[in-house]
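So you can see what is in the structure, the chains are spelled out below.
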Amino acid sequence: MPAPPLTLLYVPGDRPEVVAKALRAGADVVLVDLEDAVAPARKEYARDATAELLAEQPPVPVHVRVNCPSSPEGRADLKTLLPCQGLGGVRLPKVTSPDTVVRVARQASALDRTGLPLFPLLESALGVEEAFRIARADPSVGGVSLGEADLRADLGVREDAGLDWCRSRVVVAARAAGLRPPAQSVHPDVRDLEGLRAGCARGRALGFLGRAAIHPRQLPVIARAYLPTAREVEEAEEIVEAARRAGPGAQALPDGRFVDAAVLAAAHRTLAVAARH
């Protein structure tokens, strides 16, 4: 099975020179941001620069976070960028309803981009409440994740732990919808690598897989935090081999661990991540 990306690097869409550097930074996915990172007066320039970048296939997958799809800027982003063959995915901010996803999916289909992966961002209490329905809105949904800065403001949460219920909610919603585990939201202090490391460990414990970054120096920390350990790889190999020998159905390993379809799927995912990275 294909391994999900572990490192996703946000870059402002109105800085083509920074985008060019990001494509060489080693991230699994580069996220060109047309929303929060771009001032209103530079939205059109950012859109045009991104369209020029995506006129050809970039060296690594590039996703674009458009402006809110219901806004004039968001509609212009989608009209301009959906036809670009180098576009690998669309990040949809501030999604609160499945209807938003369905509309964008239909627009993509009308432009011969059926199946282009869409990634709704849940950035409000309502978005979190609708997480499962949004995740199941259309077959083109490639994943869901949180936008924690806006969500924190919407909830009035000051302590980081105050978002843990929402984090668990989106992890469960993604799994229930048959999607890959979500990536964590960004750690905003690019100098605080120890805090980033601790946050990744917490996210991994909650069921996240990978994390978005806002600076290349964060990428190695995220990759190390989310790469399977040697022991985890060894255990996954034992599970896969035991399942191969036993054939269909659940079985127990010699050490007493119980292996069923869910455990086997997790083992395959671990091996896929380890092999890719």
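Within each chain, residue numbers correspond to sequence positions counted from 1 in written order. Given that this is a predicted model, residues contribute local features only at a pLDDT of at least 70 and side-chain atom pairs are listed and counted only at 80 or more, while totals for whole chains, interfaces and linings are drawn from all residues. The basis for every side-chain value is the complete set of heavy atoms in the structure, and neither hydrogens nor water enter the calculation.

Asker: Where do I start with the overall build of the protein in this structure?
Answerer: By the criteria applied, helices consist of DSSP H or I runs no shorter than four residues and strands consist of E runs no shorter than two, each listed in order from the N terminus. Of regular secondary structure, the protein possesses 12 helices and 9 strands. The globule rule puts the C-alpha radius of gyration for 277 residues at 19 Å, and the 19 Å found for the protein is close to it. The dimensions of the protein, computed from C-alpha atoms along their principal axes, are 65 × 45 × 40 Å. With 277 residues in all, the protein has 48% of them scored as buried. Counted over contacts in the protein with a minimum sequence separation of 6, partners at least 24 positions apart contribute 69%. Looking at the protein as shown, the accessible area adds up to about 13400 Å², and 54% of this sits on carbon and sulfur atoms. The average position of the 35 basic charges and that of the 35 acidic charges among the side chains of the protein differ by 1 Å. Just to be clear, the radius of gyration here is over C-alpha atoms, and the globule rule we use is 2.2 Å times residues to the power 0.38. Each residue is assigned to one of three classes by its accessible area relative to the maximum for its type, calculated with a 1.4 Å probe on protein chains only: buried under 20%, partly exposed between the two thresholds, exposed over 50%. Any two residues having at least one pair of non-hydrogen atoms within 4.5 Å are treated as being in contact. Areas reported here follow the Shrake-Rupley algorithm with a probe of radius 1.4 Å; residue values treat only the protein chains shown as occluding. Positive: Lys, Arg. Negative: Asp, Glu. His and the chain ends are not part of the count. Where a charge lies is defined by one atom per residue type: Lys uses NZ, Arg uses CZ, Asp uses CG and Glu uses CD.

Asker: Explanation requested: the state of the cysteines in the structure shown.
Answerer: Two cysteines, two sulfur atoms, one covalent bond between them: this is a disulfide. Here, two cysteine sulfur atoms that lie within 2.5 Å of each other are counted as a disulfide. Going through the model one piece at a time under the given rule, you end up with 0 disulfides. Here Cys68 is not cross-linked by a disulfide; its sulfur's nearest cysteine counterpart is in Cys166, at 19 Å.

Asker: Honestly, the pattern of salt bridges in this entry has me stumped. Any pointers?
Answerer: Pairs may arise between side chains of opposite charge once their charged atoms sit close together. We define a salt bridge as a side-chain nitrogen of Lys or Arg found within 4 Å of a carboxyl oxygen belonging to Asp or Glu. Per the stated rule, a full pass over the model turns up 22 salt bridges. For Arg231, the salt bridge goes to Glu238, with nearest N and O atoms at 3.9 Å. The class of Glu238 is partly exposed, set by a relative accessible area of 30%.

Asker: Would you explain the packing of helix H2 (residues 43-53) against helix H3 (residues 72-81) in this entry?
Answerer: Packed helix pairs are characterised by how far apart their axes lie and by the angle those axes make with each other. For helices, the fitted axis covers only the stretch in contact; all axes are lines through C-alpha atoms, and the angles between them, taken along N-to-C directions, range from 0 to 180 degrees. One way to put it is that H2 packs onto H3 with a least axis distance of 10 Å and a crossing angle of 20 degrees. Compared by their axis directions, H2 and H3 come out roughly parallel. The interaxial crossing formed by H2 with H3 has right-handed handedness. Counting all contacts with H2, which are made through Lys43, Arg47, Thr50 and Ala51, the residues of H3 involved are Glu73, Ala76, Asp77, Thr80 and Leu81. Gly falls in the polar group here, along with every residue not listed as nonpolar (Ala, Val, Leu, Ile, Met, Phe, Trp, Tyr, Cys, Pro) or charged (Asp, Glu, Lys, Arg). Here the contact of H2 with H3 is built from residues that sort into 3 nonpolar, 2 polar and 4 charged. Working definition: roughly parallel below 35 degrees, roughly antiparallel above 145 degrees, roughly perpendicular at 65 to 115 degrees, and oblique for all remaining angles. Should the near helix be turned counterclockwise from the far one by less than a right angle, the crossing is left-handed, whereas a clockwise turn marks it as right-handed.

Asker: I keep staring at the pairing of strand E3 (residues 62-65) and nothing clicks. Help me out?
Answerer: By the alternation rule, side chains of E3 split into Val62 and Val64 and His63 and Arg65, which are all buried. DSSP bridges decide pairing: two strands pair if at least two such bridges lie between them. Across 4 bridges, the pairing between strand E2 (residues 29-33) and E3 is parallel. Within the sheet, the bridge partner assigned to Asp33 lies in E3 and is Arg65. Here a crossover is taken to be right-handed if, once the strands point away from the viewer, the path from the first strand over the helix to the second is traced clockwise. Chirality of the crossover, the property in question, places the unit of E2, H2 and E3 among those that are right-handed. Bridge count for E3 against strand E4 (residues 89-92) is 3 bridges, and the pairing is parallel. From the neighbouring strand, His63 faces E4, where its bridge partner is Gly89. Each parallel crossover has a hand, and for E3 linked through H3 to E4 it is right-handed.

Asker: Any chance you could explain the side chain of Glu123 here in plain terms?
Answerer: Residue placement: Glu123 occurs in the loop between strand E5 (118-122) and helix H5 (125-129). Any pair of nitrogen or oxygen atoms within 3.5 Å is treated as a polar contact; in protein, a donor-acceptor pairing is required on top of that, and neighbouring residues in sequence qualify only through side-chain atoms on both sides. Of the polar contacts made by the side chain of Glu123, one reaches the backbone nitrogen of Lys94; its length is 2.7 Å. Apart from the residues within four sequence positions on either side, Glu123 is in contact with Pro93, Lys94, Gly147, Asp150, Leu151 and Asp154.

Asker: Sorry, what's going on with the sheet that holds strand E7 (residues 211-213) here?
Answerer: Within a sheet, adjacent strands bond to each other through the backbone by hydrogen bonds, running parallel or antiparallel. Read across the sheet, 7 strands follow the order E6-E5-E4-E3-E2-E1-E7 without closing on themselves; strand pairing throughout is parallel. The two strands at the open ends of the sheet, each matched to only one other strand, are strand E6 (145-146) and E7. Pairing of strand E1 (residues 7-12) with E2, which is carried by 5 bridges, proceeds in the parallel orientation. The residue of E2 that forms the bridge with Tyr10 is Leu31. Seen against the sheet, helix H10 (residues 219-226) touches E1 and E7 and runs at an angle of roughly 170 degrees to E7.

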